[in-house]
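In case you want the letters, here they are:
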Amino acid sequence: ITGPITNQVAQIVMRFATDDAKQEALPRFARGEALACLGFSEPSCGSDVFAAKTRATRTDDGDWLIEGQKIFTTAANLADYCFLLARTDPDAPKHAGLTLFLVPMDLPGIEVHPVYTVQDERTNITYLSDVRLPDRYRVGEVNAGTSVMAATLELEHSGDQYRISFWNMY
């Protein structure tokens, strides 16, 4: 499962991420040196990703401070990056005020705990507490997460996350 997810995240990074994030992550993804997981679902929101409560607040120096939790972060225990949906404007309507980030999983304040399904498969709950993230890891414009999510879901629904054409780029 980590290969298709990593490929899906890589395709979105290619389209929407900052040049710095592309230069860091894409070669690592292409060489198989890094994996990605999805940080969309939350315990209190179920499958309604647009009800996300995980917060990313801009600091005075332009970084982000992330607080919250994600559930069903399958392979978070193996991943190098989490493609994370966070609320960046709590006063905006439900489907607005969201931003996506490519969060390195080795940052201080990230904890991954196992959750086992009825069939004894592992997924995870991921806690984010005072995670300081440089703006270079933002994917897309601030508060424009809905358009980035639409592109992500389009890949997932079309099966295009299985395409590996970018692997030869690096």
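In short, a report on the structure. (Residues numbered from 1 in each chain as written. Predicted model: local features only at pLDDT ≥ 70, side-chain atom pairs only at ≥ 80, totals over all residues. Heavy atoms only, no water.)

### Thoughts on the overall build of the protein chain
Okay, so step 1: Looking only at helices and strands, the protein chain features three helices and eight strands.
Okay, so step 2: Listing each helix as α and each strand as β along the protein chain from the N terminus yields α-α-β-β-β-β-β-β-β-β-α.
Okay, so step 3: For 170 residues, the compact-globule formula gives about 15 Å, and the C-alpha radius of gyration of the protein chain, at 15 Å, lands near that figure.
Okay, so step 4: When its C-alpha atoms are laid out on the principal axes, the protein chain stretches across 40 × 40 × 30 Å.
Okay, so step 5: Approximately 8200 Å² of the protein chain is accessible, and the part contributed by carbon and sulfur atoms is 51%. (Helix = DSSP H or I, 4+ residues; strand = E, 2+ residues; numbered from the N terminus. Rg over C-alpha atoms; globule rule 2.2 N^0.38 Å. Areas by Shrake-Rupley, 256 points an atom, 1.4 Å probe, with all protein chains shown as cover.)

### Side note on the pairing of strand E2 (residues 55-58)
Okay, so step 1: As defined by bridge partners, E2 adjoins strand E3 (residues 64-71) across four bridges and the pair is classed as antiparallel. Within E3, the position partnered with Arg58 by the bridge is Trp64.
Okay, so step 2: In this antiparallel pair of consecutive strands, E2 and E3, the connection spans five residues, and Gly62 shows a positive phi of 95°. (Pairing = 2+ DSSP bridges.)

### Things to note about the pattern of salt bridges
Any two side chains of opposite charge can pair, on the condition that their charged atoms come close.
Okay, so step 1: Here the structure, examined in full by the defined rule, presents eight salt bridges.
Okay, so step 2: Note that Glu33 is salt-bridged to Arg31, the shortest N-O span being 2.9 Å.
Okay, so step 3: Under the relative-accessibility criterion, Glu33 is labelled partly exposed at 44%.
Okay, so step 4: Note that Asp48 and Lys94 form a salt bridge whose closest N and O atoms lie 2.4 Å from each other. Of this pair, Asp48 sits in the loop between strand E1 (36-39) and E2 while Lys94 is found in the loop between strand E4 (81-87) and strand E5 (98-104), placing the two residues 46 residues apart along the sequence.
Okay, so step 5: Judged by relative accessible area, Asp48 falls into the partly exposed class, the value being 27%.
Okay, so step 6: What emerges from the salt-bridge pattern is a single network uniting Arg58, Asp135 and Arg138. (Salt bridge = Lys/Arg side-chain N within 4 Å of Asp/Glu carboxyl O. Buried < 20%, exposed > 50% of the residue type's maximum accessible area, 1.4 Å probe, protein only.)

### A look at helix H2 (residues 19-30)
Okay, so step 1: Spanning 12 residues, H2 covers 16 Å between terminal C-alpha atoms, matching the ideal 16 Å at 1.5 Å per step.
Okay, so step 2: Burial in H2 covers these residues: Ala21, Ala25, Leu26, Pro27, Phe29 and Ala30.
Okay, so step 3: Of the residues trailing H2, Gly32 is marked for its positive phi of about 75°. (Expected span 1.5 Å × (residues − 1).)

### Digging into the packing of aromatic side chains
Okay, so step 1: This structure, assessed with the given rule, holds three aromatic pairs.
Okay, so step 2: Their ring planes at 65° and their centres at 5.8 Å tell us that Phe40 and Phe83 sit as a pair that is edge-to-face. Note that Phe40 is positioned in the loop between E1 and E2 and Phe83 in strand E4, a separation of 43 residues in sequence. Summarising the burial analysis for this pair, Phe40 and Phe83 share the class buried. (Phe/Tyr/Trp six-rings, centres within 6.5 Å; stacked < 30°, edge-to-face > 60°.)

### Overview of the pairing of E1
Okay, so step 1: What you see with E1 is no split at all: Ala36 and Leu38 on one side and Cys37 and Gly39 on the other are buried throughout.
Okay, so step 2: Bridge analysis of E1 against E4 gives four bridges, and the strand direction is parallel. Within the sheet, the bridge partner assigned to Ala36 lies in E4 and is Tyr81.

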